[in-house]
Amino acid sequence: TIYQLLTHTSGMGNFWVEYDKVNKQKFKAVSDYIPLFVNQKLSFSPGSKLSYSNSGYMILGLIIEKVSGMNYFDYVKQNIYYPAKMKNTDAYELDNVVNNMAIGYYMSPDSAGQWKNNLYDNIIKGTPAGGGYSTAGDLLKFANALQHYKLLNKERTDECTKGKVKYRDGKYAYGFIEDSLNGHRIFGHSGGNLGISNELMIYDDLGYTVIILTNGEVENYWEISNFIKRELVGTTPS
């Protein structure tokens, strides 16, 4: 069901192993990814447990295209980026020139002390499952538009952001993770890949929005994330 896809309880898996075997330059439409996972068996009976599924979010993108009759990327622009006035956010194509685009860097696993960039490890165009580009300013605009109900009404916003299924120390909602730290509600999401890590944390009752964008080693990101949590809500297990 759409509920199971949104909450990663569908039993579908991930396409990354198959993706690493193919020519990445050809994967620009959402439908291009279907052959990578269409024949994969379900990991479990849908609804019986939670397992993070990138393939499930690709299906959600295809559902948007089917229902709206629009290209997924155009739909997101018209219904999220434009209303929120996000001018520096998109699923940019990496074979095109994009002004002021940051590159991810990580330490080489083979040569000690040598940095590598992630251009050859990255996807060539973002997808419903990740890979988009943004800025701290634009993510703040997104958080404000969401909280002031410019994207969805209050009922739908609550439905999207309130946890449904236990996930790590919190609960997974519809594309959001909801946590409670020392009695304070936080919702948002984190993510990352080689050379990049990021997090959006909306402190609902305190009125703070925290955005962390890193294009380096992930350890620095964890240090910053835990420091900010401690400053805002006090000591936590992490």
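Since we're looking at a predicted model, the values are computed, not measured. (Residues numbered from 1 in each chain as written. Predicted model: local features only at pLDDT ≥ 70, side-chain atom pairs only at ≥ 80, totals over all residues. Heavy atoms only, no water.)

Another point: the pattern of salt bridges. Where charged atoms from two side chains of opposite charge approach closely, those side chains can pair. With the rule as written, the count across this model stands at 9 salt bridges. The salt bridge partner of Arg185 is Glu178, with a shortest N-O separation of 2.5 Å. For the pair Arg185 and Glu178, a shared accessibility class is recorded, and that class is buried. Each member of the salt-bridge network shares a partner with another, and the members are Lys28, Glu93, Asp95 and Lys125. (Salt bridge = Lys/Arg side-chain N within 4 Å of Asp/Glu carboxyl O. Buried < 20%, exposed > 50% of the residue type's maximum accessible area, 1.4 Å probe, protein only.)

We now examine helix 5 (residues 72-81). Within an α-helix, residues lying three or four positions from one another point in the same direction, as the helix has 3.6 residues per turn. Among all positions of helix 5, only Tyr72, Phe73, Val76 and Tyr81 are buried. In a view along the axis of helix 5, the buried residues occupy a sector of 100 degrees, so they form one face of it. The inward-facing, buried residues of helix 5 contact helix 4 (54-68). Between the side-chain oxygen at the start of helix 5 and the backbone nitrogen of Phe73 there is a gap of 2.8 Å, and the oxygen is on Asn71. (Helix = DSSP H or I, 4+ residues; strand = E, 2+ residues; numbered from the N terminus. Arc of directions from axis to C-beta. Contact = heavy atoms within 4.5 Å. Polar contact = N/O pair within 3.5 Å; in protein donor to acceptor, adjacent residues only side chain to side chain.)

Strand order in the open sheet made by the 6 strands is 3-4-5-6-7-8, with antiparallel pairing throughout. The two strands at the open ends of the sheet, each matched to only one other strand, are strand 3 (165-167) and strand 8 (208-214). Here the average twist between neighbouring strands, direction ignored, is 25 degrees. Here strand 5 (residues 177-181) runs beside strand 6 (residues 184-193); their pairing, made up of 5 bridges, is antiparallel. Paired with Glu178 across the bridge in strand 6 is Phe187. Lying over the sheet, helix 6 (residues 136-147) contacts strand 6, strand 7 (196-203) and strand 8, oriented at roughly 145 degrees with respect to strand 8. (Pairing = 2+ DSSP bridges. Axes fitted to C-alpha atoms, helices over the stretch in contact; angles between N-to-C directions.)

The grouping of Lys85, Lys87, Lys141 and Lys150 at the surface amounts to a positive patch. Inspection of the secondary structure assignment puts Lys87 in the loop between helix 5 and strand 1 (105-107). Residue Lys87 is classed as exposed on the basis of its relative accessible area, which comes to 71%. (Patch = residues over 30% accessible without salt bridge, like charges linked within 9 Å, V, L, I, M, F, W, Y side chains within 5 Å. Areas by Shrake-Rupley, 256 points an atom, 1.4 Å probe, with all protein chains shown as cover. Lys, Arg positive; Asp, Glu negative; His and termini not counted. Charge placed at Lys NZ, Arg CZ, Asp CG, Glu CD.)

The next subject is the pairing of strand 7. Of all 8 residues in strand 7, 6 are buried; the element is thus mostly enclosed. As paired elements, strand 6 and strand 7 share 8 bridges and run antiparallel to each other. Paired with Ile186 across the bridge in strand 7 is Tyr203. Hairpin connection between strand 6 and strand 7: a loop of 2 residues separates the two successive antiparallel strands, and Gly195 in this loop has a positive phi of roughly 80 degrees. Two elements, strand 7 and strand 8, share 7 bridges in a ladder whose sense is antiparallel.

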